[in-house]
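Architecture and fold: a report
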Amino acid sequence: MSENEIIDLRSDTVTRPDAKMRAAMANAEVGDDVYGEDPTVNRLEERAAAIFGKEAALFVPTGTMGNTIGVKVHTKHGEEVICEAHCHLVDWELSMMAWFAGCTPRVIPTDNGVMSWKQIAGSLRVKGPHNAPTTLIALENTHNMAGGTVYPQETIDEICHEAHQRGLRVHMDGARVFNAAAALNSTVDRITRGVDSVMFCLSKALGAPVGSLLVGTAEAIAESRLFRKRLGGGMRQAGVLAAAGLIALEDSPSVLAEDHANARLLAQRLAELPGIRLDPSRVQTNIVIFDISGLGIITAELSRDLQTRGILANGIDATRMRMLTHRDVTRDQCLRAASIFAEVVGEKSLASIPV
Ligand code: TLP
């Protein structure tokens, strides 16, 4: 099967740099970024800080490193961080918070990935003979495993206001915060105005091959630069990567609404199929998560069957599949993926009829 017959819905991390990005990478002016001498990295960091309306930004290789440093810079060993129960920081980063920052997460289960101040307030801990104090609240926006859900602005504002009143900090895992902005018809600057730091990824929906940024105060970012070095993230002539990132940052946010429309369309088609549990009205951005237990098979089996027909999609557990739309899948490909999916599901239903 040739590469272009594959429709890859596993993640928005799978996009390839386009011709404009590749040309910019080839022509990037570079220097040693550990000495602060890479002009393209410097430009990217300045641009990211400006777009987010914050003092400074730091280019990091991955979202995981950005979150890791974001937690570390606001906490000390032996403190607690409040996060949603299935956030990336907790479920997908190999206990990094414990390993590097020496903190434990205090998780709040939610139905849609969005914590309220009321829930957070009930989980706060004050330093005492038995309690490690809460010092940080981490919000994931959009929330990946809840299906790309978006925090309402007033919820973020309330959390930040109440947290700051109590001397707590707020970090946003905004790996897909530009998707949140597109969904709300808002700006990332407005969304993150109250947070102390935000990590966002160039390498997800924005389509760059590599890289994320941690954005915050000049003081926090200066300290973060040292943590990045400690983690082995001093990338030297990283301008070749930053060059693609700059294009992603300028060009991609305005087209994210198309990915969202494609995700809704995909969700509507899949929701019509027997054995699939999916409420398309819950799809707010580019992530579609649905339950397949009605098919009587597990996700690994379905993934295998889809793969033989050129559709790549993974389960997030035995019963739930995740599909993401992105700049490398078109509306037509989403429709094709949905009809191939329908064929596979049809065959499964036939196979389950006793003879
Ligand atoms: N998410 C990946 C996987 O790790 C699950 C994906 O395919 O969605 N925060 C959020 C909300 C993320 O979704 C991810 C990656 C990260 C942080 C980490 O980014 P990277 O992969 O660059 O370390």
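We now turn to the structure provided with this report. (Residues numbered from 1 in each chain as written. Predicted model: local features only at pLDDT ≥ 70, side-chain atom pairs only at ≥ 80, totals over all residues. Heavy atoms only, no water.)

For any pair of aromatic rings, geometry is given as the distance between the ring centres together with the angle between the planes. Enumeration according to the criterion identifies five aromatic pairs in this entry. Seen in terms of ring centroids, Phe-52 and Phe-178 are 5.7 Å apart; in terms of plane orientation they differ by 90 degrees. Their pairing is edge-to-face. With Phe-52 in helix α2 (residues 39-52) and Phe-178 in helix α8 (residues 177-184), this pair connects stretches of sequence that are 126 residues apart. Side by side, Phe-52 and Phe-178 carry an identical accessibility label, which is buried. Judged by centre distance (5.4 Å) and plane angle (70 degrees), the ring pair of Phe-178 and Phe-200 falls under edge-to-face. Here Phe-178, found in helix α8, pairs with Phe-200, found in strand β7 (residues 197-201); they are 22 residues apart in sequence, far enough to count as distant. Using a relative accessible area of 8% as the deciding quantity, one classes Phe-178 as buried. Among the aromatic residues, those joined into a ring-pair cluster are Phe-52, Phe-178 and Phe-200. (Phe/Tyr/Trp six-rings, centres within 6.5 Å; stacked < 30°, edge-to-face > 60°. Helix = DSSP H or I, 4+ residues; strand = E, 2+ residues; numbered from the N terminus. Buried < 20%, exposed > 50% of the residue type's maximum accessible area, 1.4 Å probe, protein only.)

The biggest cluster of nonpolar side chains holds 50 residues, and the ones touching the most others in it are Ile-137, Phe-178 and Phe-200. Looking at this core element by element, the count peaks at seven residues for helix α11 (residues 239-251). Residues within four places of Phe-178 in sequence aside, it is in contact with Ile-51, Phe-52, Val-188, Phe-200, Leu-206, Leu-249, Pro-253 and Leu-256. Residues Ala-263, Val-288, Val-329 and Val-344 belong to the second largest nonpolar core, which totals 29 residues. (Core = buried A, V, L, I, M, F, W, Y, C linked by side-chain atoms within 4.5 Å. Contact = heavy atoms within 4.5 Å.)

In this section: unusual backbone geometry. Note that the residue after Asn-141, namely Thr-142, is joined by a cis bond; omega there is 5 degrees. Relative to the helices and strands, Thr-142 is located in the loop between β5 (134-140) and α7 (153-165). Of note in the backbone geometry, Leu-94 takes a positive phi value of approximately 50 degrees without being a glycine. With respect to the secondary-structure elements, Leu-94 resides in the loop between α4 (88-91) and α5 (96-101). Although it is not a glycine, Ser-95 adopts a positive phi angle of roughly 55 degrees. Tracing the sequence through the fold places Ser-95 in the loop between α4 and α5.

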